[in-house]
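Below, each chain spelled out in residue letters.
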Amino acid sequence: MADDDQEKPLTPATKPHLPPLTVDEALSIELRKQHKGFRNRTVCCGIITAIILIIAVVMLVLGFTILHVKNPKINMNSVSIIGLDRVNATELLAGNANLSVVADVSVKNTNVAAFKFEKSNSSLLYHDTVVGVADIPGGVAKARRTLRLNVTFEVMVAEIAGNRRFGSDMTAGILPVESYTKIVGRVKILNIIKRKVTVTMNCSIAVGVASQQIVNQDCKKHVSI
C-alpha cells in the first residue's frame, strides 16, 4: 500500500512525430515566404513613391504661389512743381527762376519676402535734354507692403529756356517734360530663391503754363526678373 501512495514521476510529454515534408510542400512554403517578402517590399516602395509625389506636388504648388517671385509695382502718384507760382514769364524766359519738381513715387511689393533695392536716380528731360536729376536712396519694401518715396528734382531752368522749342511751347501754353526712373533690387525667399529685379518707368508729363499745374500724365512701366 505504501508503494501505491508514493507519487509517480511525471513522464515528459513526447512530441508527435511529423512526417518529413515532400518536395512539393517545401517548395510551396518557400514560395509563400518569397511572395510575402515581395509584397512587403512592394508596399514600402509604394509608400515611398507616394511621399515623393506629395512632396513634388507641394513644391510645384509653392513654386507657382508662395515661392513665385512677382513683379514689384512702381507708380508715380502725383507730381508737384515748387516755385512756379513765384516766378513770371520774364524770369522763365531768362532762365533765372528756381524751380523744383517733387514726385510722389510708390513701390508696391506683392511678394512674400522683402524687396531690397539699391540707391539709384531719376532723370527729368525736356525735349530729350536732361534738365534735372533726383537721387533715390536705397531702401526696403517689406513683404506685401507699399513704400512711398518723395523724389525731388532741382530743375535747370536755363536749360529749358535755352531750348529752341521753348518759345513755341510757351505760346501753346504746354511744357512737355519726361521722367525716367530705374530701380534695381533683389527678392530673396527663404534663402532658397533669389532673383534680381529691375523696374523702369517712363512718364510723359504736360505742364500747363497758365494754370501752373500738371494737365496730363502718362507712365509706362517695365519689369525684368
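Details of the structure are given in the entry above.
Residues numbered from 1 in each chain as written. Predicted model: local features only at pLDDT ≥ 70, side-chain atom pairs only at ≥ 80, totals over all residues. Heavy atoms only, no water.

K.L.:
How would you explain the sheet that holds strand 1 (residues 73-82) if you had to name every residue and give the values?
P.N.:
Sheet architecture is open: 3 strands sit in the order 1-2-7, paired in antiparallel fashion. If you trace the sheet from one side to the other, it starts and ends with strand 1 and strand 7 (145-155), each paired once. Looking at each pair of strands side by side, their axes are set apart by 20° on average, direction ignored. When strand 2 (residues 99-109) meets strand 7, the two strands line up antiparallel, connected through 11 bridges. Directly across from Val 101, in strand 7, lies its bridge partner Phe 153. (Pairing = 2+ DSSP bridges. Helix = DSSP H or I, 4+ residues; strand = E, 2+ residues; numbered from the N terminus. Axes fitted to C-alpha atoms, helices over the stretch in contact; angles between N-to-C directions.)

K.L.:
I'd like a rundown of the side chain of Ser 179, residues and numbers included.
P.N.:
Note that Ser 179 resides in strand 8 (residues 174-189). Among residues more than four places away in sequence, those in contact with Ser 179 are Met 76, Ser 123, Leu 124, Met 201, Asn 202 and Cys 203. (Contact = heavy atoms within 4.5 Å.)

K.L.:
Describe the pattern of salt bridges, and please don't skip the residues or the numbers.
P.N.:
Applying the stated criterion across every chain, the model contains 2 salt bridges. We note a salt bridge from Arg 148 to Asp 104, for which the minimum N-O separation is 2.4 Å. You can see Arg 148 sitting in strand 7 and its partner Asp 104 sitting in strand 2, a full 44 residues away along the chain. The residue Asp 218 makes a salt bridge to Lys 220 at a minimum N-O spacing of 2.9 Å. In this structure Asp 218 comes out as partly exposed when scored by relative accessible area, which is 40%. For Lys 220, a relative accessible area of 56% corresponds to the exposed category. (Salt bridge = Lys/Arg side-chain N within 4 Å of Asp/Glu carboxyl O. Buried < 20%, exposed > 50% of the residue type's maximum accessible area, 1.4 Å probe, protein only.)

K.L.:
Outline the packing of aromatic side chains, supporting the account with residue identities and numerical values.
P.N.:
Evaluation of the coordinates by the stated rule reveals 1 aromatic pair. Arranged with centres 5.9 Å apart and planes meeting at 35°, the rings of Phe 115 and Phe 117 form a pair that is tilted. The exposure class assigned to Phe 115 is buried, which follows from its relative accessible area of 1%. Classification of Phe 117 as buried rests on a relative accessible area of 4%. (Phe/Tyr/Trp six-rings, centres within 6.5 Å; stacked < 30°, edge-to-face > 60°.)

K.L.:
Now, about unusual backbone geometry: what can you tell me, with residues and values included?
P.N.:
The backbone phi angle of His 127 is positive, close to 50°, even though this residue is not glycine. Mapping His 127 onto the fold places it in the loop between strand 4 (120-126) and strand 5 (129-136).

K.L.:
Account for the pairing of strand 8, with residues named and values stated.
P.N.:
Bridge count between strand 3 (residues 115-117) and strand 8: 3 bridges; the pairing is antiparallel. Residue Phe 117 lies in a different strand from strand 8, and its bridge partner there is Gly 185. Bridge count between strand 4 and strand 8: 4 bridges; the pairing is antiparallel. Considered in strand 8, the bridge of Ser 123 is made with Tyr 180.

K.L.:
Outline the environment of Glu 178, listing residues and values.
P.N.:
Here Glu 178 lies in strand 8. By relative accessible area, which is 38% here, Glu 178 ends up partly exposed. Taking the C-alpha atoms as reference points, Glu 178 and Ser 123, 55 residues apart in sequence, are found 8.2 Å from one another. Setting aside residues up to four positions removed in sequence, Glu 178 forms contacts with Ser 123, Leu 124, Leu 125, Cys 203 and Ser 204.

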